[in-house]
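So the chains spell out like this:
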Number of protein chains: 2
Amino acid sequence: MLHKTSLETSYRDHLRVTADAVEAALDRVLPAPTGHHAVVAEAMRYAALGGGKRLRPFLVLETARMLGGDMDHAMTVGCALECLHVYSLVHDDLPCMDDDDLRRGKPTVHRRYDEAIAVLAGDGLLTHAFELMASEGAHIDPAIRARLVLELARASGTNGMIGGQVVDITVAENERDTALITQLQAMKTGALIRFATKAGGLISGAQPHDIAALDRYSDALGLAFQIRDDILDVEGDAALVGKAVGKDADLGKATFVSLLGLDGAKEKARQLGETARAALAPYGEKAQALVGTVDFVLERQH
Amino acid sequence: MLHKTSLETSYRDHLRVTADAVEAALDRVLPAPTGHHAVVAEAMRYAALGGGKRLRPFLVLETARMLGGDMDHAMTVGCALECLHVYSLVHDDLPCMDDDDLRRGKPTVHRRYDEAIAVLAGDGLLTHAFELMASEGAHIDPAIRARLVLELARASGTNGMIGGQVVDITVAENERDTALITQLQAMKTGALIRFATKAGGLISGAQPHDIAALDRYSDALGLAFQIRDDILDVEGDAALVGKAVGKDADLGKATFVSLLGLDGAKEKARQLGETARAALAPYGEKAQALVGTVDFVLERQH
């Protein structure tokens, strides 16, 4: 038990140290605010800097570490992916979408600046993600860079993340069954989680069987993350979760808890954790950080 | 004179036939509307199909033809560029930006669908542009594909097209001088015109001196296009221009005509035409279509 606690502590330390390193790297690679258009770079920095777990860059970095990839490349790829993730938050927060006033405890971009700048800052982050991914910092081999761009565009496009957001804002709650919310999660958040480990693999010379194992791992991890989110909304401590709990049930939202029951959702999350761990079993000790992420996702209180 | 008229006629025929071919290619490469998220692919098709001069794909295609490049690659690259251009129109038309109700004579995407779908369809077109550019259809050599992605991201990013839009919506008319509106044009529309000929060159094995000539040509062409736009707003025939004329002066807009005078603007456009033609003089007859574009831009009535 002491051993487990200290492993957990060391995992959380590692996650926090990595998040700090990602923050510093983002600060370096984001455009500098200059000229008459400085405000858009300022808004991009406002959105991207100052917190967040940086789970997606962490997955890129730890996959590359597991497979012996170049960590500088992994950091650039992780920053590109984080720019893309942040763009999706900025646009999802817009008044015409989720109309959110707060994000990570501070005003959303359209509240701090205005709607036009929020749209343009999102567009800028999306474009910058591809600029970073196609740059030599992402990989020395241009064939890998072109592949990363293609995979990121597919994961984040209309049959991936964007499509998931469309489903989320257009399909009524009472028309959602377990199959639909599973598909929604796979598109809206799962596709980028899957891309994170695939990208870590691609820059590290991963073979097809490695990519297949990483896909199994990240698909299970991404779904477990969503189910844990739904569980926390029911039994989480509002102070720890950092937002109101019980909100989903109040809104009549179709969640894994409302569709499977609390015990059913917990069992499903547990099984997914097993699937994720099993996928990386062949990598032994080298998979420690990625396996630690499974425990982190399943046990997190916020 | 007869010769000139028939050359002009043949140029306009060629432009129209090319626009039809681009339309057909876009129809093939845009995502198909399927699944619960079909509406976003429908909105992307609504925005991208059904007209437009397709000047940017035309420049990619004719540059590739001049330099002996593969025309299938040029069409894919031209379609990617057009997707990016159309995304910028969809987002610029949004209520929080220019708040336009009509585009090419039909309701804008946010009027036909809604604002959320317009934001997401724009995001989808932007993402799809990079997917196409990184695909094997754009070029057989992945190093060229990675370069195309990098150049497109730079041209359309915060120090290019997005930055130009930021300047356009944030700098007051009475603070704009000739230097500022020249810079604004170079960023907002010039960067993509420059990318068009550069991309046509890159997929055709262009050497640095070719790229330099193409840059001189497209920079002059892009600025001449904007000046001609400003002239048409003053002396154009509303029926031919297809929109209200005299609008800029009524709004107190700083244009090349208001800053240089009508004669000054015409002389500037004429000089830019000379610069563009001179840049392509070394290519002789092979540059016929690109030189014809200079005449088209300077003489167009709409």
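Note: the structure precedes this text.
Residues numbered from 1 in each chain as written. Chains lettered and ligands numbered in written order. Predicted model: local features only at pLDDT ≥ 70, side-chain atom pairs only at ≥ 80, totals over all residues. Heavy atoms only, no water.

Asks: Please explain the overall build of chain A as it appears in this structure.
Replies: Check the secondary structure of chain A and you find 15 helices and 2 strands. Relative to its length of 302 residues, chain A is compact, with a C-alpha radius of gyration of 19 Å against a globular reference of 19 Å. In terms of overall dimensions, chain A has a C-alpha envelope of 55 × 45 × 35 Å along the principal axes. Counting only residues that meet the buried cut, chain A has 56% of its 302 residues in that class. Restricting to contacts in chain A with at least 6 residues of sequence separation, those with at least 24 account for 72%. Looking at chain A as shown, the accessible area adds up to about 12,300 Å², and 53% of this sits on carbon and sulfur atoms. Here chain A holds 32 positive side-chain charges and 43 negative ones, and the gap between their average locations is 3 Å. (Helix = DSSP H or I, 4+ residues; strand = E, 2+ residues; numbered from the N terminus. Rg over C-alpha atoms; globule rule 2.2 N^0.38 Å. Buried < 20%, exposed > 50% of the residue type's maximum accessible area, 1.4 Å probe, protein only. Contact = heavy atoms within 4.5 Å. Areas by Shrake-Rupley, 256 points an atom, 1.4 Å probe, with all protein chains shown as cover. Lys, Arg positive; Asp, Glu negative; His and termini not counted. Charge placed at Lys NZ, Arg CZ, Asp CG, Glu CD.)

Asks: Sorry if this is basic, but what is going on with the packing of helix α14 (residues 262–279) of chain A against helix α15 (residues 288–299) of chain A here?
Replies: Each packed pair of helices is defined by two parameters, the angle between the axes and the distance between the axes. Residues and elements named next belong to chain A. Axis separation between α14 and α15 bottoms out at 9 Å; the angle between their running directions is 170°. Taken together, the axes of α14 and α15 are roughly antiparallel relative to one another. Every residue of α15 that contacts α14 at A269, G273, A276 and R277 is listed here: V291, V294, D295 and L298. Along the lines of polarity and charge, the residues of the contact of α14 with α15 split into 5 nonpolar, 1 polar and 2 charged. (Axes fitted to C-alpha atoms, helices over the stretch in contact; angles between N-to-C directions. Parallel < 35°, antiparallel > 145°, perpendicular 65-115°, else oblique. Nonpolar A, V, L, I, M, F, W, Y, C, P; charged D, E, K, R; others polar.)

Asks: Teacher, can you tell me more about unusual backbone geometry here?
Replies: Phi at D99 of chain A is positive, roughly 50°, even though this residue is not glycine. Relative to the helices and strands, D99 of chain A is located in the loop between α4 (71–92) and β1 (102–103).

Asks: Explain the nonpolar core to me, please; I cannot follow it from the model alone.
Replies: If you look at soluble globular proteins, the nonpolar side chains tend to sit buried side by side. Counting 192 residues, the largest nonpolar core has L125 and L148 of chain A together with L125 and L148 of chain B as its most contacted members. With sequence-adjacent residues up to four places away left out, L125 of chain A is seen in contact with L30, M44, A47, A48, C83, V86, Y87 and V90 of chain A. (Core = buried A, V, L, I, M, F, W, Y, C linked by side-chain atoms within 4.5 Å.)

Asks: In this structure, what is going on with the state of the cysteines? I would like to understand it.
Replies: Put plainly, a disulfide is one covalent bond tying together the sulfur atoms of two cysteines. The tally for this structure, following the rule as stated, stands at 0 disulfides over all chains. As a non-bridged cysteine, C83 of chain A has C79 of chain A as the owner of its nearest cysteine sulfur, 6.8 Å distant. (Disulfide = S-S within 2.5 Å.)

Asks: Help me understand the interface of chain B and chain A in this model?
Replies: It is common to report an interface's size as the accessible area lost on association of the parts. With 47 residues of chain B at the contact, the number on the chain A side is 47 residues. Counting across the interface, chain B meets chain A through 2 salt bridges. R154 of chain A is the salt-bridge partner of E131 of chain B, the closest N and O atoms lying 3.8 Å from each other. Summed over the shared surface of chain B and chain A, the result is 6 residue pairs in polar contact (both at pLDDT 80 or more). Here the side of chain B that touches chain A gets 12 residues from one element, more than from any other, and that element is helix α6 (residues 115–134) of chain B. Of the residues in the side of chain B that touches chain A, the class split is 28 nonpolar, 14 polar and 5 charged. (Salt bridge = Lys/Arg side-chain N within 4 Å of Asp/Glu carboxyl O. Polar contact = N/O pair within 3.5 Å; in protein donor to acceptor, adjacent residues only side chain to side chain.)

Asks: So what exactly am I meant to see when it comes to the relation of the copies chain B and chain A here?
Replies: One chain copy maps onto the other through a rotation about an axis and a shift parallel to that axis. With an RMSD of 0.0 Å, chain B superimposes on chain A once it is rotated by 180° and translated 0.0 Å along the axis. A rotation of that kind, with that shift, is consistent with a two-fold axis. Among all C-alpha atoms of chain B, that of A146 of chain B lies closest to the rotation axis, at 2.5 Å. The residues that chain B uses at the interface reappear at the interface of chain A in 100% of cases, marking a shared surface. (Least-squares fit on C-alpha atoms with pLDDT ≥ 70 in both.)

Asks: Help me understand the environment of P57 of chain A in this model?
Replies: Residue and element names in this part refer to chain A. As for its position among the elements, P57 is in helix α3 (residues 55–66). As for P57 and E82, which are separated by 25 residues in sequence, their C-alpha atoms are 6.5 Å apart. Setting aside its immediate chain neighbours within four residues, P57 contacts V22, G78 and E82.

Asks: It is not clear to me how α15 of chain A should be interpreted in this structure. Could you clarify?
Replies: An α-helical turn contains 3.6 residues, so any two residues separated by three or four positions project in the same direction. The end-to-end C-alpha separation of α15 of chain A is 16 Å, in line with the 16 Å expected for 12 residues at 1.5 Å each. Among all positions of α15 of chain A, only A289, L290, G292, T293, V294, F296, V297 and L298 of chain A are buried. (Expected span 1.5 Å × (residues − 1).)

Asks: Before we go on, may I ask you to explain the packing of aromatic side chains in this structure?
Replies: Any aromatic ring pair is given by two values, namely how distant the centres are and how the planes are angled relative to each other. Under the defined criterion, the tally for this structure stands at 7 aromatic pairs over all chains. On the numbers, 4.6 Å between centres and 15° between planes, the contact of F130 of chain A with F130 of chain B is stacked. On the criterion of chain membership, the pair formed by F130 of chain A in helix α6 (residues 115–134) and F130 of chain B in helix α6 is interchain, its members lying in two chains. Residue class for F130 of chain A comes out buried when judged on its relative accessible area of 0%. Over the ring of Y113 of chain A we find R112 of chain A; its NZ or CZ atom is 4.6 Å from the centre of that ring. The ring of F225 of chain A has R300 of chain A sitting right over it, with the charged end atom 3.8 Å from the ring centre. (Phe/Tyr/Trp six-rings, centres within 6.5 Å; stacked < 30°, edge-to-face > 60°. Lys NZ or Arg CZ within 6 Å of the ring centre and 35° of its normal.)

Asks: Can you help me understand helix α7 (residues 142–156) of chain B in this one?
Replies: Compared with the 21 Å implied by 1.5 Å per residue over 15 residues, the 21 Å span of α7 of chain B between its first and last C-alpha is a close match. Within α7 of chain B, the full set of buried residues consists of I144, R145, A146, L148, V149, L150, E151, L152, A153, A155 and S156 of chain B. Buried residues along α7 of chain B sit in contact with α6 and α7 (142–156) of chain A together with α4 (71–92), α6, α8 (161–170) and α9 (178–202) of chain B. Near the N-terminus of α7 of chain B, the side chain that reaches the backbone nitrogen of A143 of chain B, with its oxygen 2.8 Å away, is that of D141 of chain B.

Asks: Sorry if this is basic, but what is going on with the pattern of salt bridges here?
Replies: Two side chains with opposite charge may pair up if their charged atoms get near one another. For the structure shown, the criterion picks out 44 salt bridges over all chains. Residue K198 of chain B is joined to D215 of chain B by a salt bridge in which the shortest nitrogen-to-oxygen separation is 3.9 Å. Residue K198 of chain B is found in helix α9, and its partner D215 of chain B is found in helix α10 (residues 208–235); the two are separated by 17 residues along the sequence. There is no split in this pair, since K198 of chain B and D215 of chain B are both buried. With its nearest N and O atoms 3.1 Å apart, the salt bridge here joins D229 of chain B to R300 of chain B. Residue D229 of chain B is located in helix α10, and its partner R300 of chain B is located in the segment after α15 (288–299); the two are separated by 71 residues in the primary sequence. One connected set of salt bridges, linked through shared partners, spans R147, E151, R194, K198, D215 and D219 of chain A.

Asks: For this particular structure, what's the right way to read the side chain of Q165 of chain B?
Replies: Residue placement: Q165 of chain B occurs in helix α8. For Q165 of chain B, a relative accessible area of 3% corresponds to the buried category. Each residue touching Q165 of chain B, except ones within four places of it in the same chain, is listed here: L120 of chain A together with D92, M97, D98 and K188 of chain B.

Asks: So what exactly am I meant to see when it comes to the environment of D237 of chain B here?
Replies: Its place among the elements puts D237 of chain B in the loop between α10 and α11 (238–241). By relative accessible area, which is 42% here, D237 of chain B ends up partly exposed.

None of this, on its own, says anything about what the molecule does.
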